[in-house]
Amino acid sequence: MAKTYEAKSVQEFFFSAPEANSVQLVGDFTHWQSKPINLVKGVDGGWKTAVSLAAGTYHYRFLVDGEWCDDPQC
């Protein structure tokens, strides 16, 4: 029996927080805080990551040094 795989696309997430020590992406696709995704800090102070997601609508927020933040670009 053949398995059916759902098509996924890569979504990039960016958050500008030059003074932050850590930024995490949390949402319904990470089961919120149980499996956060750590963003990587760039030399410009921007934090980013890329996540492979199936088509659909998702809810997410950022945790910046443990504080909840909405995505200012969304």
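Heads up: the structure comes first, above all this text.
In this text the structure is predicted, and so the values were computed from the model without any measurement. (Residues numbered from 1 in each chain as written. Predicted model: local features only at pLDDT ≥ 70, side-chain atom pairs only at ≥ 80, totals over all residues. Heavy atoms only, no water.)

Student: How would you summarise the overall build of the chain if you had to cite specific residues and measurements?
Tutor: Looking only at helices and strands, the chain has 0 helices and 7 strands in total. Along the chain, from the amino end to the carboxyl end, the secondary structure elements read β-β-β-β-β-β-β. A principal-axis box enclosing the C-alpha atoms of the chain has dimensions of 50 × 25 × 20 Å. Per-residue burial for the chain yields a buried fraction of 30% across its 74 residues. Pairs at least 24 residues apart make up 68% of the contacts formed inside the chain by residues separated by at least 6 positions. Summed over its atoms, the accessible surface of the chain is roughly 5,400 Å², and 51% of this surface lies on carbon and sulfur atoms. Each charge class in the chain was averaged separately, 6 positive and 9 negative side chains, and the resulting centres sit 11 Å apart. (Helix = DSSP H or I, 4+ residues; strand = E, 2+ residues; numbered from the N terminus. Buried < 20%, exposed > 50% of the residue type's maximum accessible area, 1.4 Å probe, protein only. Contact = heavy atoms within 4.5 Å. Areas by Shrake-Rupley, 256 points an atom, 1.4 Å probe, with all protein chains shown as cover. Lys, Arg positive; Asp, Glu negative; His and termini not counted. Charge placed at Lys NZ, Arg CZ, Asp CG, Glu CD.)

Student: Provide a residue-level description of the sheet that holds strand 5 (residues 46-54), including the pertinent values.
Tutor: Pairing is antiparallel across the open sheet formed by 3 strands, whose spatial order is 1-5-4. The strands lining the two open edges of the sheet, one partner per strand, are strand 1 (8-16) and strand 4 (40-41). Summarising the sheet, strand 4 and strand 5 pair through 2 bridges and their orientation is antiparallel. Looking at the pairing, lysine 41 lines up with tryptophan 47 of strand 5. (Pairing = 2+ DSSP bridges.)

Student: Can you tell me about unusual backbone geometry, naming the residues and giving the values?
Tutor: For residues other than glycine, phi is negative in most cases, and the peptide bonds are mostly trans. Backbone geometry at tryptophan 32 places phi at a positive 55°, although glycine is not the residue there. By the secondary structure assignment, tryptophan 32 is in the loop between strand 2 (23-27) and strand 3 (37-38). Unlike most non-glycine residues, aspartate 65 shows phi in positive territory, near 50°. Among the secondary structure elements, aspartate 65 is positioned in the loop between strand 6 (60-64) and strand 7 (67-69).

Student: Tell me about the nonpolar core, and name the residues and values.
Tutor: Core analysis: the biggest nonpolar cluster contains 13 residues, and Val23 and Phe62 have the highest contact counts within it. Elements that contribute at least two residues to this core include exactly strand 1, strand 2, strand 5 and strand 6. The contact partners of phenylalanine 62, leaving out residues within four places of it in the chain, are Phe13, Phe14, Phe15, Val23, Gln24, Leu25, Leu39, Glu67, Trp68, Cys69 and Asp71. (Core = buried A, V, L, I, M, F, W, Y, C linked by side-chain atoms within 4.5 Å.)

Student: Break down the side chain of aspartate 71 for me, citing the residues and quoting the values.
Tutor: Assignment of secondary structure puts aspartate 71 in the segment after strand 7. In this structure aspartate 71 is buried but unpaired, with arginine 61 as the nearest side chain of opposite charge at 10 Å. Within the structure, the side chain of aspartate 71 is placed 2.9 Å from the backbone nitrogen of glutamine 73, a separation counted as a polar contact. Ignoring anything within four residues of it in the chain, the contact list for aspartate 71 reads Phe14, Tyr60 and Phe62. (Salt bridge = Lys/Arg side-chain N within 4 Å of Asp/Glu carboxyl O. Polar contact = N/O pair within 3.5 Å; in protein donor to acceptor, adjacent residues only side chain to side chain.)

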